[in-house]
Amino acid sequence: MAIEIRFDAERTAYYRAAGYWRDDTLRDWLDARARERPDRDALRQGERRVTWSELARLVRAFEYALDGLGIGKGDVVAVQLPNVVEFVVAYLAIAGRGAVMQTLHMPYRAAELETLLGHSGAAAAVVMAQAKEYAAAETVLGLRPKLPALRHVIAVGVPPAGALGFADLLSGAGAGEPAPVVLSGADPFLLLYTSGTTSAPKGAPHAYQTLLGNVRVSAEALGIGPDDVLLSAAPYTHLYGLFTCTLPIATGATSLLLPAFSPPDLAALIHAGRPTAAFAAPAHIAACFALKLFDGKDLSSLRYLQMSGSAVPPALARAFEPLMRGGKVMQLWGMTELQAGAYTRLADDEPVRAETTGRPSPGTELRVVRDDGSSAPPGEEGELQVRGASVFAGYLNDPDATRAAFTADGWFRTGDLATIDAQGNTRLAGRTKDIINRGGVKFNPLDVETLLLKHPAIEQAVIVPMPDPVLGEKACLFVTLKSAATLTLAEVTGWLDAAQVSKLKWPERLEVVDAMPLTPTRKVIKGQLVKRLAGPQAGR
């Protein structure tokens, strides 16, 4: 299935004239790094070191292998790998063939994979032979009768019968060169999905000019240079993680690879790996704090920690910043449809960095609109909308979803609630679908969740709407508790009463759970919590 990305002539002319859109590709960037820094580390994974010249050689070898398998321009190649060397090689080689990489999150299993691979029409899939108890390659091979477009399954590790070995393809490539492919900035190279667990996933294809342009200007705005060492706790299969994977290819920096997140592994790698910048979700850092894993660790190599993926509690930012001994906590807001939309800068004052996601990335515009579609003044909450050089053109083969996603004047509806202050800094305030409508009075639960995180018994706090026959909706609070702690609904409401929170916003049911359902990027899946509310409605 050919993927086409069409931008109107006016938008193309504007962003090219402004310098945001160019014809550079990942192949161009890799070749430049291999020429400029052949013997410097491109990747570090444990004791393994891969220099820029070696990375270029591995990528060429895998390009040659893909060429031999008939993978060419426009073909979709799916990748379900952790943050390992093989992911980076596959990413660059697929792009070098002019093909389109589709990412698949590591937790996905047969049901999600069948839906996503069927929707994309992937011609090949690169997966782990075995990932703990999950036999990924065998799972995908078992789906092939339902996926007529899927011609090849490539396994990292010992391949099962019917799959090709990633290492075997590299070693068998010899000294051959893949057939040349002519690429331009308008060509698609990436296909991401906003959801993989529904029967109607939304695919967001991206062209070089949009995302690489965003990486290029963001590297400069974030002060990333060739001597930096970047560590990502976010998976590379997610656009935030992939953004951090691509930044070094643009700048010549080194990627310090964390194959899979665990709190002990992240804390240990910051201490031992000496990264200069780390990228994580608030949940990653909060989990380390909960286990006291930063105690005794040397985090002084960090110039900054950037957090993204969900709203950052200011208290969390302020707790981490002193640990870096001069480093700074930064924030970023982005989406699958546009990559990095806004972020704080190193020169920003501490309140801006701790409490906001900063100003738009270069080439990006943000606005907040009221329910009636009018623009909200500074400080007033409404829906956040965006347009700019990195915003995608529309969903794959889904014109209805594309039309619904954009306003008549071309702004993308993010679904996020936010305010923008007079200096242009954005404060996230939750999602529009998270609003609770109690008897016709609507409120956003994010501020209450943030306040409850200060309660000495609460580890995590999430408020979701629950059906009510009289009022329509009420608020239900889900919590995980700190070790040996207990909690009652009366204690929760007493805490909120003491903080002078309006009774309207008090939760009217409490559910204590052992763990929150999380996405691969450690966002709480509120929809799964809502489904748990089918039982009795009495609070505890």
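Thresholds, definitions, all that
- Residues numbered from 1 in each chain as written.
- Predicted model: local features only at pLDDT ≥ 70, side-chain atom pairs only at ≥ 80, totals over all residues.
- Heavy atoms only, no water.
- Helix = DSSP H or I, 4+ residues; strand = E, 2+ residues; numbered from the N terminus.
- Rg over C-alpha atoms; globule rule 2.2 N^0.38 Å.
- Buried < 20%, exposed > 50% of the residue type's maximum accessible area, 1.4 Å probe, protein only.
- Contact = heavy atoms within 4.5 Å.
- Areas by Shrake-Rupley, 256 points an atom, 1.4 Å probe, with all protein chains shown as cover.
- Axes fitted to C-alpha atoms, helices over the stretch in contact; angles between N-to-C directions.
- Parallel < 35°, antiparallel > 145°, perpendicular 65-115°, else oblique.
- Left-handed = near helix turned anticlockwise from the far one by under 90°.
- Nonpolar A, V, L, I, M, F, W, Y, C, P; charged D, E, K, R; others polar.
- Pairing = 2+ DSSP bridges.
- Expected span 1.5 Å × (residues − 1).
- Phe/Tyr/Trp six-rings, centres within 6.5 Å; stacked < 30°, edge-to-face > 60°.
- Lys NZ or Arg CZ within 6 Å of the ring centre and 35° of its normal.
- Salt bridge = Lys/Arg side-chain N within 4 Å of Asp/Glu carboxyl O.
- Right-handed = clockwise from strand over helix to strand, strands pointing away.

Chemist: Looking at this structure, how should I read the overall build of the protein chain?
Modeler: When its secondary structure is counted, the protein chain shows 17 helices and 25 strands. Taken over the C-alpha trace, the protein chain has a radius of gyration of 23 Å; the compact-globule value for 540 residues is 24 Å, and the two agree within 12%. In terms of its C-alpha atoms, the protein chain occupies a principal-axis envelope of roughly 70 × 55 × 50 Å. Residues counted as buried form 56% of the 540 residues belonging to the protein chain. Taking all contacts inside the protein chain whose residues are at least 6 apart in sequence as the whole, residues at least 24 apart take part in 67%. For the protein chain, the accessible surface area stands at approximately 21,800 Å², while carbon and sulfur atoms represent 53% of it.

Chemist: Teacher, can you tell me more about the environment of F279 here?
Modeler: For F279, the location among the structural elements is in strand 12 (residues 277-280). Note on F279: relative accessible area 1%, which makes it buried. Each C-alpha atom of the pair F279 and T407 lies 32 Å from the other, and the pair is 128 residues apart in sequence. Apart from residues lying up to four places away in sequence, F279 is in contact with I224, L230, L231, S232, A233, A234, Y240, T244, L247, Y304, L305 and Q306.

Chemist: Honestly, the packing of helix 3 (residues 52-68) against helix 4 (residues 85-96) in this entry has me stumped. Any pointers?
Modeler: Axes are the key here: two packed helices are described by the angle between their axes and the distance separating the axes. Contact pair helix 3 / helix 4: the axes reach a minimum separation of 8 Å and the direction vectors enclose 55°. Classified by the angle their axes make, helix 3 and helix 4 are oblique. Classified by chirality, the crossing of helix 4 by helix 3 is right-handed. Across the interface between the two elements, L55, L58, V59, F62, E63 and L66 of helix 3 pack against V88, V89, A90, L92, A93, I94 and G96 of helix 4. When its residues are assigned to classes, the contact of helix 3 with helix 4 shows eleven nonpolar, one polar and one charged.

Chemist: Can you walk me through the packing of helix 4 against helix 9 (residues 239-251) in this structure?
Modeler: For the pair helix 4 and helix 9, the least separation of the axes is 12 Å and the interaxial angle reads 75°. Between helix 4 and helix 9, the interaxial angle falls into the category roughly perpendicular. Facing helix 4, whose interface residues are F87, V88, Y91 and L92, helix 9 presents L242, C245, T246 and I249. Class assignment of the residues belonging to the contact of helix 4 with helix 9 gives a composition of seven nonpolar, one polar and no charged.

Chemist: When you look at the sheet that holds strand 7 (residues 164-165) in this model, what are you seeing that I'm missing?
Modeler: Through backbone hydrogen bonds, the strands of a sheet pair up, either in parallel or in antiparallel fashion. If you trace the seven strands from one edge of the open sheet to the other, you get 7-6-5-3-4-8-9, paired in mixed fashion. Two strands lie at the open edges of the sheet, namely strand 7 and strand 9 (203-207), each paired on one side alone. Relative to strand 5 (residues 124-128), strand 3 (residues 76-80) runs parallel, the two being bridged by four bridges. Residue pairing across strands places A78 opposite A125, the latter belonging to strand 5.

Chemist: How should helix 4 be read in this particular structure?
Modeler: For the α-helix, the turn length of 3.6 residues means that residues three or four positions removed from each other point alike. With twelve residues, helix 4 should reach 16 Å at 1.5 Å per residue; the first-to-last C-alpha distance of 17 Å fits that figure. A large share of helix 4 lies buried, amounting to twelve of its twelve residues. Two residues or fewer past helix 4, G98 is found with a positive phi of approximately 80°.

Chemist: Which parts of the structure should I look at to understand unusual backbone geometry?
Modeler: Outside of glycine, negative phi angles account for most residues, and trans bonds account for most peptide bonds. One non-glycine residue, K132, lies in positive phi territory at about 55°. On the secondary structure map, K132 appears in the loop between strand 5 and helix 6 (136-143).

Chemist: Which parts of the structure should I look at to understand the sheet that holds strand 14 (residues 328-335)?
Modeler: An order of 2-1-11-10-12-13-14-15-16 is seen for the nine strands of this open sheet, with the pairing classed as mixed. Edge positions in the sheet fall to strand 2 (48-51) and strand 16 (359-360), since each of these pairs with one other strand and no more. In this sheet, strand 11 (residues 254-256) lies alongside strand 10 (residues 229-232) in parallel orientation, the contact comprising three bridges. By the bridge assignment, V229 is partnered in strand 11 with T254. Its contacts with the sheet put helix 3 on strand 1 (41-45) and strand 2, and the angle it makes with strand 2 is roughly 85°.

Chemist: Just checking my understanding: could you explain the side chain of Q306 for this structure?
Modeler: Within the secondary structure, Q306 sits in strand 13 (residues 304-307). On the accessibility criterion, Q306 (0% relative accessible area) is buried.

Chemist: Got a minute to help me understand the packing of aromatic side chains in this structure?
Modeler: We describe a pair of aromatic rings using the distance from one ring centre to the other and the angle between the two ring planes. Under the counting rule described, the total for this entry stands at 17 aromatic pairs. Centre to centre, the rings of F392 and F412 are 5.7 Å apart; their planes meet at 90°, and the pair counts as edge-to-face. Of this pair, F392 sits in the loop between strand 18 (382-388) and helix 14 (399-405) while F412 is found in strand 19 (residues 412-420), placing the two residues 20 residues apart along the sequence. The same class applies to F392 and to F412, which are both buried. Through pairs of rings, three or more aromatic residues link up here, namely F7, Y14, Y15, Y20 and W21. Sitting over the ring of Y134, R109 keeps its end group 3.7 Å from the ring centre.

Chemist: I keep staring at the pattern of salt bridges and nothing clicks. Help me out?
Modeler: Side chains bearing opposite charge may pair, as long as their charged atoms lie close to each other. All chains considered together, the criterion is met by 33 salt bridges. Between E380 and R370 there is a salt bridge whose closest N-O contact spans 2.7 Å. Separated by ten residues along the polypeptide, E380 in the loop between strand 17 (364-369) and strand 18 and R370 in the loop between strand 17 and strand 18 bring together distant segments of the chain. Residue class for E380 comes out partly exposed when judged on its relative accessible area of 27%. Each of the salt bridges in this network shares a partner with another, and the network as a whole consists of R318, E350, E355, D421 and R427.

Chemist: Would you explain the environment of F289 in this entry?
Modeler: In this fold, F289 is placed in helix 11 (residues 282-290). Taking relative accessible area as the criterion, F289 reaches 28% and is therefore assigned partly exposed. When the C-alpha positions of F289 and G373 are compared, they lie 41 Å apart, and in sequence the two are 84 residues distant. Excluding its chain neighbours within four sequence positions, the residues that come into contact with F289 are F294, L316, A319, F320 and L323.

Chemist: Is there a simple way to explain the pairing of strand 13 in this structure?
Modeler: Remark: a regular strand shows side chains that alternate across the two faces of the sheet. Along strand 13, one buried face is formed by Y304 and Q306 and the opposite face, lined by L305 and M307, is buried too. Looking at chain direction, strand 12 and strand 13 are connected through four bridges and run parallel. Looking at the pairing, A277 lines up with Y304 of strand 13. Between the parallel pair strand 12 and strand 13, the chain is carried across by helix 11, and the sense of this crossover is right-handed. Running through helix 12 (residues 314-320), the crossover from strand 13 to the neighbouring parallel element strand 14 is right-handed.

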